[in-house]
Amino acid sequence: MNSQRSKQVALGGLISGLCAVLMLLTGLFPFGGIALPMASGALILVMVVELGHRPALVVYAAVAALAMLISPDRSAAVLFLVFFGYYPVVKQKLEQLPSRLIELACKLALFTVTIAVSYLVVIYVFGLTDLLDSFGELAGYALLFAVGLGNILCLIYDYILTRCYTLYVGWFRPNFLQR
């Protein structure tokens, strides 16, 4: 095994371990159900910067599988699985689109579709149709409100990832990872 391959495996293991610890902590903090999967995704951004998309996707898959097994907050694990975990890998590709408006529309469409599909899976595959009934007549409005709030959360996450990237590449990497 050559030196470069060893570095890839070591960094992948380190990032996977840190992400797994964050996902374990979801049961300890009230805000952890959303914030900690977001933080885990931000760590995967390091993989994208240092090693590229494929190793980052491998780490995402490993952490997603671990999160589904060990996370005390299953909804946090699902959020990581369906969006926050792989979005840092996809983000860079979406930002290469020719128009900022098209890029933004694709980001929001990606978020909306993935959340809608996961919602439908929870309801129809796992048989939780009572979830729909619990909203009563307001189900349509509640769903629209949730999608709107989710899209705002998506934009905030995108902004946070951009700031994390800038901080990592512009400050942390040159000061602590000099090559």
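Coordinates for the structure precede this section.
Cut-off values and rules
Residues numbered from 1 in each chain as written. Predicted model: local features only at pLDDT ≥ 70, side-chain atom pairs only at ≥ 80, totals over all residues. Heavy atoms only, no water. Helix = DSSP H or I, 4+ residues; strand = E, 2+ residues; numbered from the N terminus. Buried < 20%, exposed > 50% of the residue type's maximum accessible area, 1.4 Å probe, protein only. Polar contact = N/O pair within 3.5 Å; in protein donor to acceptor, adjacent residues only side chain to side chain. Contact = heavy atoms within 4.5 Å. Disulfide = S-S within 2.5 Å.

Novice: Looking at this structure, how should I read the environment of Ala-76?
Specialist: Residue placement: Ala-76 occurs in helix H4 (residues 74–84). Taking the relative accessible area as the measure of exposure, Ala-76 reaches 0% and is therefore buried. In this structure the C-alpha to C-alpha distance between Ala-76 and Ile-102, which are 26 residues apart in sequence, comes to 29 Å.

Novice: Can you help me understand the side chain of Lys-91 in this one?
Specialist: Mapped onto the elements, Lys-91 comes out in helix H5 (residues 87–94). Exposure remark for Lys-91: the relative accessible area of 4% places this residue in the buried category. At a separation of 2.8 Å, a polar atom in the side chain of Lys-91 contacts the side chain of Asp-158. Not counting the four nearest positions on each side in its chain, Lys-91 is found in contact with Lys-107, Asp-158, Leu-161 and Thr-162.

Novice: I'm lost on the state of the cysteines in this one. Help?
Specialist: A covalent bond between the sulfur atoms of two cysteines is what we call a disulfide. Applying the stated rule across the entire model yields zero disulfides. In this model Cys-19 remains outside any disulfide bridge; the closest cysteine sulfur is found in Cys-164, 12 Å from its own. For Cys-19, a relative accessible area of 0% translates into the label buried. In this structure Cys-154 is a free cysteine whose sulfur lies 12 Å from that of Cys-106, the closest cysteine sulfur available. Judged by its relative accessible area of 1%, Cys-154 is buried.

Shape descriptors only; they carry no functional weight alone.
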